[in-house]
Every structure is written in structure tokens, then in C-alpha cells.
Amino acid sequence: MAMTDAMRRLALGSAVIVGCAIGPALADRLVPPPGYDAPVSHSGKSEPCPAAPPPFAGTLDFPSKYEGSDSARDTLNEDADRRYKMLTAPITTMEKGATRLVDAYMDSGSPQTLDCVLGWYGSWADADALLGPAANHTGKSMRKWALASLSGAWLRLQFSSSQPLAAQAQRAATIEAWLGRIATQVRSEWSEDDPLSKINNHYYWAAWAVMATSVVTDRRDLFDWASGMYAIFARQVDADGYLPNEIKRQTRAAGYQVYAVTPVAMLAAFGKANHVDLASEGHDALQRAAERAVGAYDDPRAYEARTGKRQVLEGADEQRSKLAWLEAYCWTVPCTGAPAEKLASLRPLKNTRLGGDQTAIYR
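The paragraphs below set out a description of the structure included in this document. Keep in mind the model is a prediction, meaning the values are calculated, not measured.

1. Brief notes about the side chain of R249
In step 1: Here R249 shows up in the loop between α9 (244-247) and α10 (253-273).
In step 2: Apart from residues lying up to four places away in sequence, R249 is in contact with Y66, A72, R73, D74, N201 and Y256.

Here it is, written out as C-alpha cells:
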């Protein structure tokens, strides 16, 4: 991390930043943005508790869907993608199911749904799931993606003003300690000392997973590590808002720009909640990158001019998920023009790996 970035964060941490709705001084407990304190609603709806997927406690060894591609990593290997989806199914089912259950509980207030949530998380915590060795890059990636989903959703329960976990203190403590152990492992697998040519969206997602968990566990070491990774992102954004290591993805550059901005928007929001002004780093790097990303699916011609390649826009019909980071972004920085218009047109926005219903949190 550049010394200037570190010094600026320390200075900001010692003073209250104007415009930050809530949050502690640097020495106080870490908190998420204020929307996470929303009370539990009581719609009266309830639903059966589905069986939790079997805990994944083995070696994280999965093929890449781009297996066999060249250095651009932009050619889909359909056979490898099928094997990847089959082998990772328990993890992705856990991510999607647990996040959906948290959303359902926050809407319903059903004690049965809360017990279901705790059963899902608890069964994986008791089995030390997601703590096995990672055999390859995809294995490491699955670990941090899962952590992002699980910690991001858990925060809604932990910080709700309704205090749904107050009567479940021991179960909650076990789950939170497990998430912290995963975060420690994730931090060790994605080094800020790696060459800049290597640090890309995967590192930012690792940082978001660790940042969310830093608040779950109130661990300043994790928060500072994630903030340091943000500083690297801020130095990488060029004057036109592009991320060079995502442009390298050639035909998928537009999609990967959006994908890379997603976790850093969350980092900036959590920084603001804790009086750390990440968003202004790199001369407002986030704003440049976000404004470049927001229209990527609607009009990818700028990316085609930059790469010389026609863009493959996987997920263009899923913008409510792909652009769910706009909620956190527009809470963090003044949001006008295209980002504000896109946000208003897409609500409600949800993304599993951001922790579920983002509009419910930030609106």
C-alpha cells in the first residue's frame, strides 16, 4: 500500500467525515452502512425449511470454465463449465439458499425461517466447511465467493435493530468464528504483494469477502487488509475509467469491468460507514470506473474500440443482479446522471454475492 494512502486513512479515521450517516471513530466497533440496521418486517409469510446442502469440507478442486483458453481467458469451455457447475453445486446452493433465506426472514419475521437460517449456517460451521485446502485458482475463488455471500447476508441479521440473534448468542458466536476463520484463509490466498499485472477482479472479490467478515467479527486487521487491496484497485484505474487487467479479457472486457467494480463499490461503502474515505482514492478512481461500467451492457462500443474485439455480454439480461452494486455506490458518492438513472430503472436490485437484497438495505 502506498504510504500516502495509509496516512490518509489514519487521518480520516481519527475524525468524523461530513456526510457519513453513522459510524464509529477508528477505535470503535466496525459497522456496516446504516441500512443494515433495518428492523425485521412481519409480513406473516412463512415457508417450509429446505434441507441444507451437505457441507463442503473437502479439497476445493474445480476446473475453470475457461479451461484451455489462451491468456485472455475469454473462450468458454462448455465441458469444463458443466463439470465446474456439478462439482461446485453444494457451495453455490449454500450461497443462494442461505442468502434467500435471510432475505425471506427479514421480510417475514418468521421464527421458523430464522431457525432454518441458523440451521443452514450452523451445519456448515460445525463441519468446518470451506476450510479445506484449495488445489487451484478456481478452488480459491469459490472460497472467497462463498464467504462474500455468507458474510454479506449474515450482516443483515447481526446488525438489524430487531436483534434477531440476541436469543441465539452461542449459535451466532460459533457461526461468526467460522466465518472469521475462512476470512483468514482467504486473506492468505490473495496477496497484495503479487505483481500488479496479476491483481484483478478476483482480488477485489477477496477483499469484499474479507471486508464483510471484518465487520461480522470486528477484526480491524481484516478491515485494513481489504482497504489496502482497494488502494491497489484505485491505482490501477486509468484516466478513462478502464481497468487494464479486465481489458485483457478481450471479448469479455465489458462484462469483467462490471464484475470488478461490483466488490469495490461495496468496499467503498463499508469504508464510508467506518469513516474511511476509500472512494476518493486514486483521484476518485471508483467514480471513473463506475461510470465506465454502468453502460457496458447497453452500449459496449467503447470496449470494442479499446480491445478491437466484439464483446460477449454474458448476463446482459440480468442487470438487476449484475448492477446491484449501484445501491452501495449511490449511497457512497454523489450519484447523478447515468448511474442514478440506471439505478432508478432497475430497482429492486439483488445479488447473492453481495448478501442478497441490496435495495432493501440502501434505499
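2. Remarks on the state of the cysteines
In step 1: Inspection of every chain in the model, using the stated rule, returns 2 disulfides.
In step 2: Note on cysteine connectivity: C330 is disulfide-linked to C335, with sulfurs 1.9 Å apart.
In step 3: A residue is classified by how much of its surface remains accessible, and C330, at 19% relative accessible area, is buried.
In step 4: Should the bonded cysteines of the protein chain be numbered as they appear in the sequence, the pairing reads 1-2, 3-4.

3. Section: the pattern of salt bridges
In step 1: A full pass over the atoms with the stated rule returns 19 salt bridges.
In step 2: With a closest N to O distance of 3.1 Å, D115 and R171 form a salt bridge. Taken together, the residues D115 in helix α4 (residues 111-126) and R171 in helix α6 (residues 169-189) connect sequence positions 56 residues apart.
In step 3: Here R171 falls in the partly exposed class, since its relative accessible area comes to 33%.
In step 4: Salt bridges here are not isolated pairs; linked through shared partners, they connect E67, D79, R82 and R83.

4. Brief notes about unusual backbone geometry
Glycine aside, residues mostly have negative phi angles, and peptide bonds mostly take the trans form.
In step 1: P348 follows R347 through a cis peptide bond whose omega is 5°.
In step 2: Not every positive phi belongs to a glycine, and H275 is a case in point at roughly 65°.
In step 3: Secondary-structure assignment places H275 in the loop between α10 and α11 (281-293).
In step 4: Among the residues examined, H275 registers a relative accessible area of 3% and is labelled buried.
In step 5: The phi dihedral of H283 is positive, around 55°, even though this residue is not glycine.
In step 6: Tracing the chain through its elements places H283 in helix α11.

5. Some remarks on α10
In step 1: For α10, which comprises 21 residues, the first-to-last C-alpha distance of 31 Å matches the rise-based estimate of 30 Å (1.5 Å per residue) to within 8%.
In step 2: Taking burial as the measure, the 21 residues of α10 include 20 buried ones, the bulk of the element.
In step 3: With its phi angle positive at about 65°, H275 sits one or two positions after the end of α10.

6. Topic: the environment of S162
In step 1: Note on placement: S162 falls in the loop between α5 (137-159) and α6.
In step 2: Counting along the chain gives 144 residues from S162 to R306, while the straight-line C-alpha distance between them is 49 Å.
In step 3: Those residues in contact with S162 that sit more than four places away from it in its chain are P39 and V40.

7. Structural notes on the packing of helix α8 (residues 220-236) against α10
In step 1: Where α8 meets α10, the axes come as close as 10 Å, and the angle between the chain directions of the two elements is 125°. As summarised for this structure, α8 and α10 are arranged oblique, according to the angle between their axes. Pair α8 / α10 crosses with left-handed handedness. Residues F223, A226, Y230 and F233 of α8 pack against V264, L267, A268, F270 and G271 of α10.
In step 2: A class-by-class count of the residues in the contact of α8 with α10 yields 8 nonpolar, 1 polar and no charged.

8. Comments concerning the side chain of S151
In step 1: Counting through the fold element by element, S151 comes out in helix α5.
In step 2: Side chain to side chain, S151 and T213 meet in a polar contact 2.9 Å long.
In step 3: Those residues in contact with S151 that sit more than four places away from it in its chain are L179, A212, T213 and V216.

What counts and what doesn't
Residues numbered from 1 in each chain as written. Predicted model: local features only at pLDDT ≥ 70, side-chain atom pairs only at ≥ 80, totals over all residues. Heavy atoms only, no water. Helix = DSSP H or I, 4+ residues; strand = E, 2+ residues; numbered from the N terminus. Contact = heavy atoms within 4.5 Å. Disulfide = S-S within 2.5 Å. Buried < 20%, exposed > 50% of the residue type's maximum accessible area, 1.4 Å probe, protein only. Salt bridge = Lys/Arg side-chain N within 4 Å of Asp/Glu carboxyl O. Expected span 1.5 Å × (residues − 1). Axes fitted to C-alpha atoms, helices over the stretch in contact; angles between N-to-C directions. Parallel < 35°, antiparallel > 145°, perpendicular 65-115°, else oblique. Left-handed = near helix turned anticlockwise from the far one by under 90°. Nonpolar A, V, L, I, M, F, W, Y, C, P; charged D, E, K, R; others polar. Polar contact = N/O pair within 3.5 Å; in protein donor to acceptor, adjacent residues only side chain to side chain.

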